[in-house]
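A look at the structure
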Amino acid sequence: MQNKMLLILKYLWDNTDEEHTASIADLMQYLVENNSSTNRKTVSKYIDTLIDFGIDIIKIRKTQNQYFIGTRHFEAPEVKLLIDAVQSSRFITKQKSKELINKLAVFTAPNRTDVLKRHLYVDSRNKTNNEEIYIISDKIQTAVIEKKKVCFQYFDYGVDGKKAVRHNGEQYIVSPFDLIWSNDTYYLAGLHETKGIVAKFRVDRMKGLEITDENALPKPKGYSVAKFFSQEFSMLGGEPCEVTLLCENELMNSIVDRFGRKVKTAIVDDEHFTVTVPVDLSGIFYGWVFASCGKMKILSPAQAVDGFNEIVERYSSGNTQRQIIQKQG
């Protein structure tokens with residue numbers, strides 16, 4: 001009975017939707033083709049059992065009743081969004097992207113393979129080649145839940161483009177607290193056993209991560225993932241300060257993206273506005289202002305203006321550039 005019921009479900013799942021229905025005769029023929037036969041009454045009973053089990057099978061009452069799968073796990077537009085996310089994600093390798101996209105086909109209606117033929121342009125140069133990421137990220141989640149330490153090697157890319165493990169391959173021992181997703185990259189936040197500080201590690205730079213038998217150390221007092229994220233990934237790391245910026249109107253999107261919609265803004269004229277926001281006076285903040293190519297200026301406080309001018313002066317002096325050129329010559 002179970003085998004026949006599963007065959008019926010498979011046929012309906014693979015071949016039916018609102019535009020493609022199946023009759024009892026179609027299902028009986030499919031059973032015969034798979035060396036399993038039964039009568040019309042029993043097939044109808046199997047369908048009722050599947051419905052009772054929670055499968056959304058719609059019945060259209062006709063001379064010959066027609067059946068099709070109604071609601072699937074995802075609608076076609078939802079599957080398209082998932083496929084686009086997989087294709088564009090930098091941490092998923094090309095091969096794994098293909099595998100995941102093919103698996104997503106299971107959740108589409110029959111004759112909708114067109115959803116798999118997406119025309120989204122993705123810069124493949126940004127795709128990682130670290131096939132361990134999926135396994136490593138899953139192990140980290142397990143370690144966080146089980147409160148166990150993890151060990152791994154950590155590598156950088158040398159000037160030759162090759163991987164080079166840090167500290168001659170010495171294992172990093174970390175008590176994992178959180179897995180953070182930022183800028184299309186996974187990061188582990190945890191207590192670095194050697195340094196005794198909470199640090200972040202890029203998952204795609206890890207190698208051979210394993211969960212140890214040792215219990216993880218507790219989170220430091222006052223630790224929160226939100227605070228850590230702000231300090232490590234935002235414009236923090238220096239002296240906290242509230243700054244006022246003069247911006248050209250076209251920068252409003254950037255301001256909202258960075259600080260949210262509830263920022264304090266004021267119209268200056270037809271082309272400019274001011275905004276007052278809390279930041280830390282760090283190189284990250286000054287670099288962000290510098291990247292506006294003069295379309296953003298720091299108005300106050302004086303210490304923020306002076307800090308930015310000092311950085312600009314270093315670049316404009318040209319001493320460092322001349323020294324590099326002289327060495328190369």
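Heads up: these notes are all about the structure in this document.

1. Let's talk about helix α5 (residues 94-104)
Regarding α5, the residues found buried are Ser97, Ile101 and Leu104. Each buried residue of α5 sits inside an arc of 55° when the element is viewed along its axis, so together they form one side. In α5, the exposed positions that point more than 90 degrees away from the buried face belong to Lys98, Asn102 and Lys103. Of the surrounding elements, those touching the buried residues of α5 are α4 (76-88).

2. Regarding unusual backbone geometry
Cis geometry is adopted by the peptide bond preceding Pro301, which originates at Ser300 and carries an omega value of 0°. Its place among the elements puts Pro301 in the loop between β13 (296-300) and α10 (302-317). For Asn35, which is not glycine, the phi torsion reads 60° and is therefore positive. Turning to its location among the elements, Asn35 is positioned in the loop between α2 (24-33) and α3 (40-53).

3. Looking at the nonpolar core
Membership of the largest hydrophobic core comes to 23 residues, with the highest contact counts inside it found for Ile140, Val150, Phe152, Leu188, Phe201, Met206 and Leu209. Listed by contribution, the elements that provide at least two residues to this core are α4, α5, α6 (133-146), β4 (148-157), β6 (172-182), β8 (197-202) and β9 (206-215). When sequence neighbours within four positions are dropped, the list of residues in contact with Phe152 reads Glu170, Gln171, Tyr172, Val174, Leu188, Phe201, Met206, Lys207, Gly208 and Leu209. In terms of nonpolar packing, the next biggest core, distinct from the first, is built from 20 residues, Leu245, Trp288, Ala304 and Phe308 among them.

4. Here's the deal with the packing of α2 against α3
Running from N to C, α2 and α3 point in directions that differ by 100°, and their axes come no closer than 10 Å. Taken as axis vectors, α2 and α3 run roughly perpendicular relative to one another. Contacts between α2 and α3 pair Ile24, Ala25, Leu27, Met28 and Leu31 from the former with Arg40, Val43, Ser44 and Ile47 from the latter. Per-class residue counts for the contact of α2 with α3 are seven nonpolar, one polar and one charged.

5. A short note on the sheet that holds strand β1 (residues 22-23)
Taken together, three strands build an open sheet; the order of strands is β1-β3-β2 and the sheet is antiparallel. Of all the strands in the sheet, just β1 and β2 (57-60) have a single pairing partner and so form its edges. Both β2 and strand β3 (residues 66-69) contribute to a ladder of four bridges, which runs antiparallel. Its bridge partner being in β3, Ile58 is matched across the sheet by Phe68.

6. Digging into the packing of aromatic side chains
The tally for this structure, following the rule as stated, stands at 13 aromatic pairs. Ring centres of Trp181 and Tyr186 lie 4.9 Å apart, and the angle between their planes is 70°; this geometry places the pair in the edge-to-face category. Overall, Tyr186 belongs to the partly exposed group, its relative accessible area being 23%. Clustering of aromatic rings is evident, with ring pairs tying together Phe152, Tyr154, Tyr172 and Phe201.

7. Overview of the sheet that holds strand β10 (residues 239-248)
If you walk across this open sheet you meet the four strands as β11-β12-β10-β13, and the pairing is antiparallel. Of all the strands in the sheet, just β11 (264-267) and β13 have a single pairing partner and so form its edges. Between one strand and the next, the sheet's axes are offset by a mean angle of 35°, whatever the strand orientation. Of the strands in this sheet, β10, β11, β12 (272-281) and β13 are in contact with helix α8 (residues 252-259), which crosses β12 at around 30°. Contacting β10, β12 and β13, helix α9 (residues 283-290) runs over the sheet at an angle of about 130° to β13.

8. A short note on the packing of α4 against α5
Relative to each other, α4 and α5 sit at 175°, their axes nearing to 9 Å. As far as their axial angle goes, α5 and α4 are roughly antiparallel. In this structure, α4 contributes Val79, Leu82, Ile83, Val86 and Gln87 to the contact, and α5 contributes Ser97, Leu100, Ile101 and Leu104. Taken together, the residues of the contact of α4 with α5 sort by class into seven nonpolar, two polar and no charged.

9. Here's the deal with the pattern of salt bridges
The tally for this structure, following the rule as stated, stands at nine salt bridges. Across the pair Glu99 and Lys96 runs a salt bridge whose closest N-O atoms are separated by 3.2 Å. With a gap of three residues between them, Glu99 and Lys96 both fall in helix α5, about one helical turn apart. Here Glu99 falls in the partly exposed class, since its relative accessible area comes to 31%. Given the relative accessible area of 21%, Lys96 is considered partly exposed. Each of the salt bridges in this network shares a partner with another, and the network as a whole consists of Lys149, Glu193 and Glu214.

Reading the values: rules and limits
Residues numbered from 1 in each chain as written. Predicted model: local features only at pLDDT ≥ 70, side-chain atom pairs only at ≥ 80, totals over all residues. Heavy atoms only, no water. Buried < 20%, exposed > 50% of the residue type's maximum accessible area, 1.4 Å probe, protein only. Helix = DSSP H or I, 4+ residues; strand = E, 2+ residues; numbered from the N terminus. Arc of directions from axis to C-beta. Contact = heavy atoms within 4.5 Å. Core = buried A, V, L, I, M, F, W, Y, C linked by side-chain atoms within 4.5 Å. Axes fitted to C-alpha atoms, helices over the stretch in contact; angles between N-to-C directions. Parallel < 35°, antiparallel > 145°, perpendicular 65-115°, else oblique. Nonpolar A, V, L, I, M, F, W, Y, C, P; charged D, E, K, R; others polar. Pairing = 2+ DSSP bridges. Phe/Tyr/Trp six-rings, centres within 6.5 Å; stacked < 30°, edge-to-face > 60°. Salt bridge = Lys/Arg side-chain N within 4 Å of Asp/Glu carboxyl O.

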